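Survey of secondary and tertiary structure
Below are the chains, spelled out letter by letter.
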Amino acid sequence: YGNFIDDLRVYVRGGTGGMGYPRLGGEGGRGGDVWFIARERTTLKSIKDRYPQKRFVAGTGVNSSVKALKGEKGKDCEVHVPPGISVLCDDGTQIGELNAAGERFLAARGGLGGSLVTNFLPCKGQKRIVHLDLKLIADVGLVGFPNAGKSSLLSKISHAKPEIANYAFTTVQPELGKIMYADYKQISVADLPGLIEGAHANKGMGHKFLKHVERTKQLLLVVDISGFRLSIKTRFRTAFETILLLTKELELYKEELLAKPALLAINKMDLPCAKDNLNELMKQLQNPQDFLHLLQEEMIPANTLEFKDIIPISTYTGEGIEKLKARIRKCIDEEAEQENEEYRKKKLLLLQTSV
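Since the model is a prediction, treat every value here as computed from it, not as a measurement. (Residues numbered from 1 in each chain as written. Predicted model: local features only at pLDDT ≥ 70, side-chain atom pairs only at ≥ 80, totals over all residues. Heavy atoms only, no water.)

1. Things to note about the packing of helix α4 (residues 239-253) against helix α5 (residues 274-286)
Test applied: Convention adopted: a line fitted to C-alpha atoms gives each axis, helices being fitted over their contacting stretch, and angles between N-to-C directions are expressed from 0 to 180 degrees. Runs of H or I in DSSP of at least four residues are treated as helices and runs of E of at least two as strands, each being numbered from the N terminus. Convention used here: angles under 35 degrees read as roughly parallel, angles over 145 as roughly antiparallel, angles from 65 to 115 as roughly perpendicular, and any remaining angle as oblique. The criterion used for residue contact is that any of the two residues' heavy atoms lie within 4.5 Å. Side-chain classes follow a simple rule in which Ala, Val, Leu, Ile, Met, Phe, Trp, Tyr, Cys and Pro form the nonpolar group, Asp, Glu, Lys and Arg form the charged group, and the remainder, Gly included, forms the polar group.
At a minimum axis distance of 9 Å, the contact between α4 and α5 shows a crossing angle of 40°. Classified by the angle between their axes, α4 and α5 sit oblique to one another. Contacts from Ala239, Phe240 and Ile243 in α4 reach Leu281, Gln284 and Leu285 in α5. Residues of the contact of α4 with α5, tallied by class, amount to five nonpolar, one polar and no charged.

2. Looking at helix α2 (residues 150-157)
Operational definition: Throughout, exposure labels follow a simple rule: accessible area from a 1.4 Å probe, protein chains only, divided by the maximum for the residue type, with under 20% read as buried, over 50% as exposed, and the rest as partly exposed.
Across the eight residues that make up α2, a large majority, six, are buried. For α2, the set of buried residues is Lys150, Ser151, Ser152, Leu153, Leu154 and Ile157. Of the surrounding secondary structure, the elements contacted by the buried residues of α2 are β9 (140-143), β10 (175-180), β11 (186-191), β12 (218-224) and α6 (321-354).

3. Some remarks on the pattern of salt bridges
So the rule is basically this: Put simply, a salt bridge is a Lys or Arg side-chain nitrogen that is within 4 Å of an Asp or Glu carboxyl oxygen.
Tallied over the entire structure, the rule returns 19 salt bridges. Here Lys73 makes a salt bridge to Asp76, at a shortest N to O gap of 2.6 Å. The class of Asp76 is partly exposed, set by a relative accessible area of 29%. A single salt-bridge network, built from bridges that share partners, covers Arg30, Asp33, Lys73 and Asp76.

4. Some points on the side chain of Asp224
Stated formally: Think of a polar contact as two N or O atoms within 3.5 Å of one another; within protein, one of them needs to be a possible hydrogen donor and the other a possible acceptor, and neighboring residues in sequence only count if both atoms come from side chains.
If you trace the backbone, Asp224 turns up in strand β12. Here Asp224 falls in the buried class, since its relative accessible area comes to 11%. Among the polar contacts listed, one links the side chain of Asp224 to the side chain of Lys268, at a separation of 3.2 Å. With residues near it in sequence (within four places) discarded, Asp224 still touches Asn147, Ala148, Ala239, Asn267, Lys268 and Leu271.

5. Digging into the confidence of the model for the chain
The condition that has to hold: What pLDDT expresses is the predictor's confidence in each residue, scored from 0 to 100.
Residues at a pLDDT of 70 or more form 88% of the chain, whose mean pLDDT is 84. Throughout residues 162-171 the model reports pLDDT below 50, and contacts reaching past four residues in sequence, or to other chains, amount to 26 contacts.

6. Here we look at the packing of aromatic side chains
Heads up, the condition is: Centres within 6.5 Å make a pair out of two Phe, Tyr or Trp rings, where for Trp the six-membered ring is used; the pair is then stacked when the planes are under 30 degrees apart, edge-to-face when over 60, and tilted otherwise. Whether a charge sits over a ring comes down to the Lys NZ or Arg CZ being within 6 Å of the ring centre and within 35 degrees of the ring normal.
Summed over the entire model, instances satisfying the criterion amount to two aromatic pairs. Consider the rings of Tyr51 and Phe56, whose centres lie 5.0 Å apart with planes at 70°: the pair is edge-to-face. Assessed through its relative accessible area of 31%, Tyr51 is described here as partly exposed. Seen from their ring centres, Phe240 and Phe291 are 6.2 Å apart, and the 70° between their planes marks the pair as edge-to-face. With Phe240 in helix α4 and Phe291 in the loop between α5 and β14 (307-312), this pair connects stretches of sequence that are 51 residues apart. Across from the ring centre of Trp35, 4.5 Å away, lies the NZ or CZ of Arg104, which sits over that ring. Over the aromatic face of Tyr181 sits the side chain of Arg329, whose NZ or CZ is 5.1 Å from the ring centroid.

7. Examining the sheet that holds strand β7 (residues 104-108)
Heads up, the rule is: Strand pairing is assigned whenever DSSP identifies at least 2 bridges connecting the two strands.
Strand order in this open sheet of three strands is β4-β2-β7, and the pairing throughout is mixed. Only two strands of the sheet have a single neighbouring strand rather than two, namely β4 (77-81) and β7. Within the sheet, the average angular offset between the axes of one strand and its neighbour, ignoring direction, is 30°. Where strand β2 (residues 34-38) lies against β7, four bridges are found, and the strand directions are antiparallel. Bridge pairing in β7 places Phe36 opposite Phe105.

8. Let's talk about the sheet that holds strand β6 (residues 94-98)
Spatially, the five strands line up as an open sheet ordered β3-β1-β8-β5-β6, and their pairing is mixed. In this open sheet, the two edge strands, each paired with only one partner strand, are β3 (55-57) and β6. On average, adjacent strands in this sheet sit at an angle of 25° to one another, irrespective of strand direction. With three bridges connecting them, strand β1 (residues 7-13) and β3 associate as parallel partners. The partner of Arg13 across the bridge, within β3, is Val57.

Structure, rendered in C-alpha cells:
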C-alpha cells in the first residue's frame, strides 16, 4: 500500500491526579487529558514518523501543598490528526469521529486528584488502545477495475500526477486530485486502488479500497470499452459485465453505496471497434434484465446502479474530457442544492412547530 497509511494503532493514557493534603483538606490537581484534534495537512504517516512509540500520555496533576491547597490540573496531551478519522476501540467499536478541521475528541480522561472522597489518594487516568481509521473525504470517487484508465483520467482532469503504466496494478495507494474550474470552484477527486473480483471478501486491496468509497459524495465508474482481463488465469469480461461486477462488489461491501449519485465514463474510445462496442453496451444498459442470462448467478447484483449520465471518453485523445468535467460539476451542484433545500425545509418545520 506504498507509504500511505490509513490505519494507526496507538496507546493513550490520561494523567494521574495529584496527591491530596490530608492535614489541611487540600485537593490534588486532576490529571491531564489526551485529545485528538483534526488539522489540515496532517497525515497518519507523519504521526507515526514523529511518534514511533505511538504512545500519548498526558501530564500528572500537581500535588496539594501548604502554598496551594488546590493543585493545578496536569498538562493536556494534544495529538493532531487528519480530518476524516474514525476512532475505534480495539474490538472495532467506533467511539468517535473527526470530520472537519478543528474538531476535538477526548481520547483518554485524566484521573481525579486526591481529596476527602478518595482518602486524599490520587486516581489513575483512563488508558486504552485505539485505532485511528482514515477514510478519505472527496467529492468524487473513481471506481474501476485495474487498467481501466483511472490514473490517466485523474491526470487529465486535475493537477494530480499519478503513476501511469500499462500493467494492472499501477495505483497502490489513493491519489487525490482537484478539478479546477474557470470560476475558481474546486472539486476533489480520489483515484482509489483498482478493485478486483472478490474485493468485498478482502481480496486484493479489498476493504482498504472500499472503505474510502464510503466518504465520497458521488461515484464515477471508469470502464474500458474493450473489456477487462486481470490475468491469463481469469476470465475475460466485457464492458457490460465489468459494470455489473463493480456494482456487485460495492453492493456486497455496503449496500448503501449504491444509493450514491453515479456517473459512468466509458474510456478508450480511440480504440478500433470502440463505436460498435459502445452501441452494444448502450443497448445492454437500457435493458439490463434482457442480458443478465449471459452471467453466472453469483455475479448478478440485486440492484443495478442508476447512472445520472454515461459519457464516452478517451484519455489518450482527450475526447469527452471537458464534457465529463462539466457533468461532474453539474452533479455536485445539484446534490448541494438538494441538501440546501432539505435543510431549509427542516428549519421551516422547526419554526412552525415552535410557534
